[in-house]
Amino acid sequence: VFAYGQTSSGKTHTMEGVADDTELRGIIPRMVQHVFDVVGAADKHIQYTLKVSIFEIYMEKVRDLLTAATSGIPDIRISEEGKGKGIVLKGLSEHAVATGEEVWALMVRGRENRSVAVTNMNAHSSRSHMLFCLTVHKRDIREFKSSVGKLYLVDLAGSERVQKSGAEGTTLDEAKKINLSLLTLANQAT
């Protein structure tokens, strides 16, 4: 699921919403609550393990937003595993979660580490694409079966008209990378 639009159009609010207000919760907290409701209603022989990763694509680099920021946010290496196994993000942290509150705490930490800047259009403009990944491991201990699923929810940085945003210097370089990556994504999706 992608949130896509011009800068300052409400993508981050749509994805995150307001944590303390059930009416104003965003897509991520609502999805997380639904998953925990399903896990809580499962038969006793079905076991679940949930893990969260949050990362950003900033200036064409992948960065883990949940890693301790004492020495900066390390870049993540992208590699391709064997045939049919897809892309792997080497060094990306996964955090086991048991409650929606634990997920929200991770989202807050990720938001604090996300690349943002002030522009003429937005006082808190995201300068990166943020990806929230929930990995669900399901194990049936009676049937000796297991499965894994991943759900990605993506808050894309907004497209910008440089004249309107007043971007200069690093913020201008970020805007160019954002617009180029959005164009590339649109070309892949069509």
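Once a new chain begins, its residue numbering starts again from 1 and follows that chain's sequence as written. Totals for whole chains, interfaces and linings use every residue, but because this is a predicted model, local features are given only for residues with pLDDT of at least 70 and side-chain atom pairs only at 80 or more, for both listing and counting. Hydrogens and waters are ignored; side-chain quantities use all the structure's heavy atoms.

Draft legend 1. Quick look at the overall build of the protein. Strands here mean DSSP runs of E at least two residues long; helices mean DSSP runs of H or I at least four residues long; both are numbered from the N terminus. Across its full length, the protein holds 5 helices and 10 strands. Buried residues are those whose accessible area, probed at 1.4 Å on protein chains only, stays under 20% of the maximum for their type, while exposed residues exceed 50% and partly exposed ones sit between those limits. In the protein, buried positions account for 36% of the 190 residues. It only takes one pair of heavy atoms within 4.5 Å for two residues to be counted as in contact. Summarising the internal contacts of the protein: among those between residues at least 6 apart in sequence, 60% fall at separations of at least 24.

Draft legend 2. Broad picture of the side chain of Ser-128. Considering the arrangement of structural elements, one finds Ser-128 in the loop between β8 (125–126) and β9 (129–140). Looking at Ser-128, the relative accessible area reads 0%, which means it is buried. Identification of polar contacts relies on pairs of N or O atoms within 3.5 Å, with a donor-acceptor requirement for protein atoms, meaning one able to donate a hydrogen and the other able to accept it, and with residues adjacent in sequence counted only if both atoms are side-chain atoms. A polar contact of 2.6 Å, which involves the side chain of Ser-128, links it to the side chain of Glu-56. What Ser-128 contacts, discounting residues up to four positions off in sequence, is Glu-56, Ile-57, Tyr-58, Arg-114, Ser-115, Asp-155, Leu-156 and Ala-157.

Draft legend 3. Up close: helix α2 (residues 27–40). Compared with an ideal rise of 1.5 Å per residue, which puts 14 residues at 20 Å, α2 spans 20 Å between its outermost C-alpha atoms and is within 8% of the ideal. For α2, every residue scored as buried is listed here: Ile-28, Pro-29, Met-31, Val-32, Val-35 and Phe-36. Axial view of α2: buried residues confined to an arc of 160°, hence all on one face. Where α2 is buried, its residues touch α1 (11–16), β2 (46–58), β6 (95–97), α3 (100–113), β9 and β10 (145–155). Each residue after the first adds 1.5 Å to the expected span of a helix. In this context, the arc is that of the directions from the helix axis out to the C-beta atoms.

Draft legend 4. Up close: the pattern of salt bridges. A pairing counts as a salt bridge when a side-chain nitrogen of Lys or Arg comes within 4 Å of a carboxyl oxygen of Asp or Glu. Counted by the stated rule, this structure contains 3 salt bridges. Between Glu-16 and Arg-111 there is a salt bridge, with the nearest N and O atoms lying 2.8 Å from each other. Of this pair, Glu-16 sits in helix α1 while Arg-111 is found in helix α3, placing the two residues 95 residues apart along the sequence. Taking relative accessible area as the criterion, Arg-111 reaches 33% and is therefore assigned partly exposed. Between Arg-63 and Glu-56 there is a salt bridge; the shortest N-O distance is 2.6 Å. Like Arg-63, the residue Glu-56 is buried in the burial classification.

Draft legend 5. How the structure looks around empty space enclosed by the protein. Both site types are read off a 1 Å grid over the protein atoms alone. A 1.4 Å probe that fits but cannot get out defines a cavity, while an open set with protein on both sides within 12 Å along at least five of seven lines defines a pocket; lining residues have an atom within 4 Å of a point. Grid points are joined across faces, edges and corners, and a volume is the space filled by probe spheres set on the points. Throughout the structure, instances matching the rule amount to 1 cavity of 30 Å³ or more. Quantified by volume, the largest cavity comes out at close to 60 Å³. Contributing to the lining of the largest cavity are Glu-16, Ile-54, Leu-65, Met-107, Gly-110, Arg-111, Arg-114 and Met-130. The element contributing the most residues to the lining of the largest cavity is α3, with 3 residues. The residue makeup of the lining of the largest cavity, split by class, is 4 nonpolar, 1 polar and 3 charged. Polarity classes work like this: nonpolar for Ala, Val, Leu, Ile, Met, Phe, Trp, Tyr, Cys and Pro, charged for Asp, Glu, Lys and Arg, and polar for all others, with Gly in that last group.

Draft legend 6. Structural detail: the nonpolar core. Nonpolar core, defined: a set of buried Ala, Val, Leu, Ile, Met, Phe, Trp, Tyr and Cys residues in which side-chain atoms within 4.5 Å join the residues together. Counting 21 residues, the largest nonpolar core has Ile-28, Val-52, Ile-54, Val-103, Phe-132 and Leu-134 as the members making the most contacts within it. At the level of secondary structure, the elements contributing two or more residues to this core comprise α2, β2, α3 and β9. Considering each element in turn, this core owes the most residues, 5 residues, to α2. If sequence neighbours within four positions are ignored, Val-103 has contacts with Val-32, Phe-36, Val-52, Val-97 and Phe-132. Listed in part, the 9 residues of the second largest apolar core include Phe-55, Val-62, Val-154 and Leu-156.

Draft legend 7. Up close: the environment of Leu-92. Looking at the secondary structure, you find Leu-92 in the loop between β5 (87–90) and β6. We classify Leu-92 as partly exposed; its relative accessible area is 21%. Sequence-distant contacts of Leu-92, defined by excluding residues within four places in its chain, comprise Ser-53, Phe-55, Asp-64 and Ile-76.

Draft legend 8. Broad picture of the side chain of Thr-135. Here Thr-135 is to be found in strand β9. Taking the relative accessible area as the measure of exposure, Thr-135 reaches 1% and is therefore buried. Engagement of the side chain of Thr-135 in a polar contact is seen with the side chain of Glu-94, the distance being 3.5 Å. With residues near it in sequence (within four places) discarded, Thr-135 still touches Thr-49, Leu-50, Lys-51, Glu-94, Val-148, Gly-149 and Lys-150.

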